[in-house]
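# Fold and contact review
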Amino acid sequence: QVQLVESGGGLVQAGGSLRLSCAASGRTFSSYTLGWFRQAPGKERDFVAATYWNDGQLYADSVKGRFTISRDNAKNTMYLQMNSLEPEDTAVYYCAATQSSRRPFLSMRSTYDHWGQGTQVTVSS
């Protein structure tokens, strides 16, 4: 079982940066694929990025070149560095974990078994 806790959200002006963290419990952290999703008010929860086996990374087109996902297995922590933030990035950001590493499915919510409670990111214009 994996428990996930996000932190690092807040209010930032457009063009600014934030770094989100996701702290995980569990001794098999390194074997999990980890992902970030976000949900804006009135919208679906959308895929943002994932990090999987052998440092593989996957990004949504909307964040490519602006966001960077990383993980520190020794600290059981995943990060999302968000640069050049836009008002459209405003959402609750969730981290998620799965034991699957099948790349075609890593952008799908249903692939993930464990979810954090979310952290709010607000980007003002």
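In what follows, the accompanying structure is described. Computed from a predicted structure; not experimentally measured.

In total, this model carries four aromatic pairs according to the counting rule given. Plain terms: the ring middles of F37 and Y112 are 5.1 Å apart, the flat faces sit at 80 degrees to each other, and that makes the pair edge-to-face. One end of the pair, F37, is in strand 4 (residues 33–39); the other, Y112, is in the loop between strand 9 (91–98) and strand 10 (114–115), and 75 residues separate them in sequence. On the basis of relative accessibility, which here comes to 5%, the residue Y112 falls in the buried class. Members of the aromatic cluster, joined through ring pairs, are F37, F47, Y112 and W115. Over the ring of Y94 we find R45; its NZ or CZ atom is 3.6 Å from the centre of that ring. Over the ring of W115 we find R45, and its NZ or CZ is 5.0 Å from the ring centre.

If you walk across this open sheet you meet the four strands as 1-3-8-7, and the pairing is antiparallel. Each edge of the sheet is formed by a strand with only one pairing partner; in this case those strands are strand 1 (4–7) and strand 7 (67–72). With direction set aside, neighbouring strand axes in the sheet form an average angle of 15 degrees. Looking at chain direction, strand 1 and strand 3 (residues 18–24) are connected through four bridges and run antiparallel. Following the sheet pairing, V5 is matched in strand 3 by A23.

It is worth spelling out the nonpolar core at this point. One finds W36, V48, F67, L80, M82 and Y93 to be the most contacted residues of the largest nonpolar core, which totals 37 residues. Of all the secondary-structure elements, those providing two or more residues to this core are strand 3, strand 4, strand 5 (45–52), strand 6 (56–59), strand 7, strand 8 (77–82), strand 9 and strand 11 (119–124). Sequence-distant contacts of M82, defined by excluding residues within four places in its chain, comprise G16, S17, L18, L20, R66, F67, Y93 and V121.

Look at N76: it is not a glycine, yet its phi comes out positive at around 50 degrees. Summarising the element assignment, N76 is placed in the loop between strand 7 and strand 8. Judged by its relative accessible area of 19%, N76 is buried. Located in the positive-phi region is S84, a residue other than glycine, with phi close to 50 degrees. Among the structural elements, S84 can be located in the loop between strand 8 and strand 9. The exposure class assigned to S84 is partly exposed, which follows from its relative accessible area of 42%.

What counts, and at which threshold
- Residues numbered from 1 in each chain as written.
- Predicted model: local features only at pLDDT ≥ 70, side-chain atom pairs only at ≥ 80, totals over all residues.
- Heavy atoms only, no water.
- Phe/Tyr/Trp six-rings, centres within 6.5 Å; stacked < 30°, edge-to-face > 60°.
- Helix = DSSP H or I, 4+ residues; strand = E, 2+ residues; numbered from the N terminus.
- Buried < 20%, exposed > 50% of the residue type's maximum accessible area, 1.4 Å probe, protein only.
- Lys NZ or Arg CZ within 6 Å of the ring centre and 35° of its normal.
- Pairing = 2+ DSSP bridges.
- Axes fitted to C-alpha atoms, helices over the stretch in contact; angles between N-to-C directions.
- Core = buried A, V, L, I, M, F, W, Y, C linked by side-chain atoms within 4.5 Å.
- Contact = heavy atoms within 4.5 Å.

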